[in-house]
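Here is how the chains run, residue by residue.
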Amino acid sequence: MLSFVTRRLAMGLLLAFTVVTGMFFFLMLTGSDPARGALGLYATEEQVAVKREQLGLDRPVVEQYLDWLGSALRGDLGLSSAQNTQVMDLIVTRLPVTVSLALGAVVVAAVLGIALGLLAATRPGTFDRVLQVVMVLGFSLPNFWVAIILALVFAVNLRWFPATGYVHLQDSPGGWLLSITLPIVALSIGSIAAIAQQLRNSVITVTNQDYVRTLRSRGLSGRNILLTHVLRNASPPALTMLSLQFIAAMSGAAIVERVFGLQGIGAVAINASGNSDIPVIMGVLLFTVLVVVLVNLAVDILYAALNPKVRNS
Amino acid sequence: MKLTRTLTAAFAAVALALAGCSGGGQTTEASSSQLVLGNNGDVLTWDPAEMKEGAVIHYAEAVYDPLLRKTPDSTIEPNLATEYEYNADLTELTLKLRDGVTFSDDTAFDADAVRVNLEARKKGAGSASEAARVIERVEVVDKSTVKLHLSEPSPGLLAGLATYLGYMASPKALAAGGIATTPVGSGPYLLDAGNSEKGVRYTFTSREGYWNRDAFPFETVVIRPYEEFTARYNALTTGQIQFMYGTPDMVPKAKTDGLTVATVPGEWQGIILQDRAGKVSPALGDVRVRQAINHALDRKAILDTHYGGLGQVSTQTFNPASEAWVPSLNERYPYDPAKAKELLTAAGYPDGFTIKVSFSEGFMSPLVPIVAQYLGDVGITVEQVPVNGFANGGLETLKGQPAFMLSFSTNIPAWTDVLNKLTPTSLWNNFQYTDATVTRLLKEIPAAQGDQQAALYKELNTHLVEQAWFAPIVTQENVYLSKPEIDVTMQQAQLMPSLRFFAPAK
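Parameters at a glance
- Residue positions are given per chain, counted from 1 along the sequence in the order it is written.
- Chains carry letters from A onward and ligands carry numbers from 1 onward, assigned in written order.
- Where local features are concerned, this predicted model is filtered to residues with pLDDT of at least 70; where side-chain atom pairs are given and counted, the filter is 80 or more; whole-chain, interface and lining totals use all residues.
- With hydrogens and water excluded, all non-hydrogen atoms of the structure serve as input to the side-chain values.
- UniProt positions are given in the numbering used here, feature names are shortened, and annotations may be inferred rather than shown by experiment.
- A run of H or I in DSSP becomes a helix once it reaches four residues, and a run of E becomes a strand once it reaches two; helices and strands are each numbered from the N terminus.
- Buried residues are those whose accessible area, probed at 1.4 Å on protein chains only, stays under 20% of the maximum for their type, while exposed residues exceed 50% and partly exposed ones sit between those limits.
- Here the arc refers to the set of directions running from the helix axis out to each C-beta atom.
- Contact between two residues is taken to exist if any of their heavy atoms lie within 4.5 Å; hydrogens are not considered.
- Here a cavity is any set of points on a 1 Å grid over the protein atoms alone where a 1.4 Å probe fits but cannot get out, and a pocket is any open set with protein on both sides within 12 Å along at least 5 of 7 lines; a residue lines the site when it has an atom within 4 Å of a point.
- Grid points are joined across faces, edges and corners, and a volume is the space filled by probe spheres set on the points.
- Each residue receives one of three labels: charged for Asp, Glu, Lys and Arg, nonpolar for Ala, Val, Leu, Ile, Met, Phe, Trp, Tyr, Cys and Pro, and polar for the others, Gly being one of them.
- Side-chain atoms within 4.5 Å link the members of a nonpolar core, which is a set of buried Ala, Val, Leu, Ile, Met, Phe, Trp, Tyr and Cys residues.
- The term buried area means the drop in 1.4 Å probe accessible area that two parts suffer when joined, counted for both and summed.
- For this document, the term salt bridge refers to a Lys or Arg side-chain nitrogen within 4 Å of an Asp or Glu carboxyl oxygen.
- Two strands pair if DSSP finds at least two bridges between them.
- Every angle, taken between N-to-C directions, lies between 0 and 180 degrees, and every axis is a line fitted to C-alpha atoms, over only the stretch in contact when it is a helix.
- For the purposes of this description, domain bounds are those given by an automatic or database domain assignment.
- Nitrogen and oxygen atoms within 3.5 Å of one another constitute a polar contact, given that in protein one can donate a hydrogen and the other can accept it, and given that sequence-neighbouring residues count only through two side-chain atoms.

The name given to chain B in an unreviewed UniProt entry is ABC transporter substrate-binding protein, with the source organism recorded as Micromonospora cathayae. Per UniProt, chain B has the following entry under Sequence similarities (unreviewed entry): "Belongs to the bacterial solute-binding protein 5 family."

Chain A carries the name ABC transporter permease in an unreviewed UniProt entry, which gives Micromonospora cathayae as its organism. According to its UniProt record, chain A has this under Sequence similarities (unreviewed entry): "Belongs to the binding-protein-dependent transport system permease family." Of chain A, the UniProt comment under Subcellular location (unreviewed entry) reads exactly: "Cell membrane".

Caption draft 1: Here's a closer look at the overall build of chain A. Check the secondary structure of chain A and you find 12 helices and zero strands. Seen in sequence order, chain A has helices and strands lined up from the N terminus as α-α-α-α-α-α-α-α-α-α-α-α. Taken over the C-alpha atoms alone, chain A extends approximately 85 × 55 × 35 Å along its principal axes. By the burial criterion, 48% of the 313 residues in chain A qualify as buried.

Caption draft 2: Seen up close, helix H10 (residues 299-306) of chain B. Residues and elements named next belong to chain B. For H10, the full list of buried residues reads Arg299, Ile302 and Leu303. Each buried residue of H10 lies within a common arc of 100 degrees when the element is viewed along its axis, so the set occupies one face. If you follow the buried residues of H10, they end up packed against helix H9 (287-296), strand S15 (311-313), helix H12 (367-377) and strand S19 (470-482). One or two residues past the end of H10 sits Gly308, with phi positive at roughly 60 degrees.

Caption draft 3: How the structure looks around the UniProt feature "domain: Solute-binding protein family" (unreviewed entry) in chain B. Residues annotated by UniProt as "domain: Solute-binding protein family" (unreviewed entry) correspond here to residues 75-403 of chain B. Helix makes up 29% of residues 75-403 of chain B and strand 25%. Its end C-alpha atoms lie 34 Å apart.

Caption draft 4: Expanded view of helix H11 (residues 265-274) of chain A. All names here are of chain A. Listed as buried for H11 are Ile265, Gly266, Ala267, Val268 and Ala272. Next to the buried residues of H11 lie helix H5 (87-122), helix H10 (222-259) and helix H12 (278-306). Backbone geometry just after H11 places Ser276 at a positive phi near 55 degrees.

Caption draft 5: Structural detail: empty space enclosed by the protein. Counted according to the given criterion, the structure contains six cavities of 30 Å³ or more. Considered as a void within the structure, the largest cavity measures approximately 140 Å³ in volume. Glu61(B), Pro66(B), Arg69(B), Ser498(B) and Arg500(B) are the residues nearest the centre of the largest cavity, which is lined by 18 residues in total. Only strand S2 (65-66) and strand S3 (68-70) of chain B provide two or more residues apiece to the lining of the largest cavity. For the lining of the largest cavity, the class distribution of residues is seven nonpolar, six polar and five charged. Roughly 110 Å³ of volume is contained in the second largest cavity. In terms of lining, the second largest cavity is formed by 15 residues, of which the most central are Tyr166(A), Gly261(A), Leu262(A), Gln263(A) and Val200(B). Per element, the largest residue contribution to the lining of the second largest cavity is three residues, and it comes from H5(A).

Caption draft 6: Just the nonpolar core, in detail. In this structure, Leu67(B), Phe109(B), Leu148(B) and Phe204(B) are the most contacted members of the largest nonpolar core, which totals 71 residues. At five residues, the largest contribution of residues to this core is made by helix H2 (residues 57-63) of chain B. Counting 67 residues, the second largest nonpolar core, distinct from the first, contains Met241(A), Leu242(A), Val284(A) and Val291(A).

Caption draft 7: Local environment of the UniProt feature "domain: ABC transmembrane type-1" (unreviewed entry) in chain A. When the UniProt feature table is mapped onto this chain, "domain: ABC transmembrane type-1" (unreviewed entry) is found at residues 95-303 of chain A. Secondary structure across residues 95-303 of chain A comprises 84% helix and 0% strand; the distance between its end C-alpha atoms is 27 Å.

Caption draft 8: A look at the interface of chain A and chain B. Chain A puts 46 residues into the contact, and the matching count from chain B is 44 residues. Between chain A and chain B lies a buried interface of about 3700 Å² when both sides are counted; carbon and sulfur atoms form 56% of it. Its largest share of buried area at the contact with chain B, chain A owes to Leu41(A), Tyr42(A) and Thr164(A), together 18% of the area lost on that side. Linking chain A with chain B are two salt bridges.

Caption draft 9: Representation of the sheet that holds strand S6 (residues 92-97) of chain B in the model. Residue and element names in this part refer to chain B. Judged by pairing direction, the sheet is antiparallel, and its four strands sit side by side in the order S5-S6-S8-S7 without closing on themselves. In the strand order of this sheet, the two ends are held by strand S5 (81-86) and strand S7 (135-142), each with one partner. Averaged over all pairs of adjacent strands, the angle between strand axes in this sheet comes to 20 degrees, irrespective of strand direction. Pairing of S6 with strand S8 (residues 145-150), which is carried by five bridges, proceeds in the antiparallel orientation. Across the sheet, Leu93 pairs through a bridge with Leu148, a residue of S8.

Caption draft 10: Seen up close, the domain arrangement of chain B. Residues and elements named next belong to chain B. Domain parsing of chain B yields domain 1 (34-227 + 483-504) and domain 2 (265-477). Its C-alpha centre places domain 1 at a distance of 33 Å from the equivalent point of domain 2. Across the contact, 13 residues belong to domain 1 and 16 residues belong to domain 2. Interface area, domain 1 with domain 2, both sides summed: about 1100 Å², of which 61% is carbon and sulfur. Along the contact surface separating domain 1 from domain 2 lie zero salt bridges. Run the count over domain 1 and domain 2 and you get zero residue pairs in polar contact (both at pLDDT 80 or more). By residue class, the composition of the side of domain 1 that touches domain 2 is six nonpolar, four polar and three charged.

Caption draft 11: Inspection of the environment of Val111(A) at higher detail. Residue and element names in this part refer to chain A. The topology assignment puts Val111 in helix H5. Its relative accessible area of 53% is what places Val111 among the exposed residues. Remark: the alpha-carbon pair of Val111 and Ala196, spanning 85 residues in sequence, is separated by 9.6 Å.

Caption draft 12: Region of interest: the pairing of S19(B). Residue and element names in this part refer to chain B. Counting buried residues along S19, 13 of its 13 residues qualify, which places the element largely inside the surrounding structure. Pairing between strand S13 (residues 243-246) and S19: four bridges, direction antiparallel. Counted as the bridge partner of Met244 is Leu481 from S19. Pairing of strand S14 (residues 260-272) with S19 involves 11 bridges; the strand directions are antiparallel. Among the inter-strand pairings, Ile271 is bridged to a residue of S19, identified as Ala471.

Below is the structure:
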């Protein structure tokens, strides 16, 4: 198991390295001008040239990249080119918001998705058909639209939740929960539907296999067979779906954060993009990729725990 | 059914319990002694030399006091400078300074502080740098008097001194560096760093001993940035903020939600026909073609449908309350496709022509197809060139385009508009076009004052409309929404009304 985890971790890190390297050179090729982004439209060409020099943009791209990578490996992501903030500080203060949302959305999606998937698989007929329709509907609703509707109904009209803003967990656990509930619901609806649908189909497939019939003929209870044997074999595809949903939640958070006025990593990325703030864009990308790699690793480990054959593949 | 009821009750109970332990889902920050403003964006720097125009002015006004200030109709009046006077040829401006004012680090405000600030502003890249360009030298006459020596007369200078150019920061803080992250001004409030969180909320507390306290009645001001209009509107209706800059489509709902709606003529939207010499698009070099474009637009229909009627049709690019405005000019180009075709034929384009029109992607995107349709109706094919962000190469793209659509600010005095769009070095005159009349008037206007200057501005505006340098469509109304517990006095030609125009409702 240790070598499996090491292998997966190494692959994850290689992937992160490839993505950030590719992105760095891609950003340099887009014609973005961090110096102009930092100074604004009315800065003279001379001022822009001076800023370009200050930011080190007049050096060869490879040199800039090696410089950035070397600093990043030492934990220094540099200074934002558009605002007077260390990129690391910006990310450390904003990442908890986005990770709270994405993890919360995935946990909610996992619990409800598994429950609904099992219910749909074990109750064929009207219940399954109704759930199917609801799941397709849930999957097809854009999360920004859901976010707007939720804010309107539960925050603006009913006043059960704050319309905007994030409360830090350490400041008020209750306030924190209230501030992230609606964004999490908005982010998780599609994921619940996707996981439920995936699990339903897997469970139905596994339930029809010979070994399940054999177990049933030996007198084991339906619940025992479902939870111990069927679910164990049916869950890997749903787990894969879960990790994909986490990635979707991380990107979806950018939009949902704006609707609820949350200053997460998504809001940072959007603002940085408008100002061509490459140090911030790179920092956000690096952290996002690392979080995704770690979550995928966790899913892989879970996958391997459920299915020992995976460890040797 | 029973299960549903149970679940609903449980959900409500949990929600109420959570609301209880967090002080309620709707924590209203506003009170009679506290003003909470929703802002369009974050403040990226506290250095007045780097600040850009726009909504960021509220952050600046909280901590910095300007030398002069603007009334609601944008007339200039004294502030930190108690008197101001030009010499006969308008190349020297003498300012008498208020005594007894200190910065929040206890440094005294004096003539030397003004000199240090204006010199710093000249070096910066913010909005102030444009207005500061004409200041050749700042002479400290005595402790309470400074004289600004100008390279040429500048009608925009006083307005500049009433905002970013005139914001006074502590010279000690400027010398030490760090003004970008920690504001040290002589303004009405102090930034309360302990109750502020970057990008989330900025709390300002009343500064003891501020000389003009009565003009700023709130003990505390909180500014909360919201990039997204929906979030800002929801925050307003639920009492998290008391004021916001809105959009025309919000007006009907805002009225039913019990909000106060105010409007002020704001930006003009339309086309800058910048290739007036026909370098890239030869057709645009013919005034008849530019006039045809103006005749091809059904401004009234666009105003009613696209802008929901909030604004006025316009052929002019100046502010309606400015000295350059000539109401009758709006009748110059009635919607007349036949006339447009006739002009095109006379110019040698009976079958029309194709023109590239660039535009800022996003908020201009819905208007572009409408304009393209009207121009298409008279034979002009619009090739759309979207520009995605000026910092992302957009500015460079725009420079080569014969025409582009944007939303443009209108100002008082009109000189700011002149500097933005009409001089050969203006940012929005990339082809550096001018003509003899404009050159003459741009020389005569700064040297004139009062009625004589207003007459010259009107002559300039009339010439521009006649020569169709632009194809404006509307001057739209800026929309401001506020809660009934505050009174806001609207201000002409400033994106956000100044902080001193906010007060608890009477």
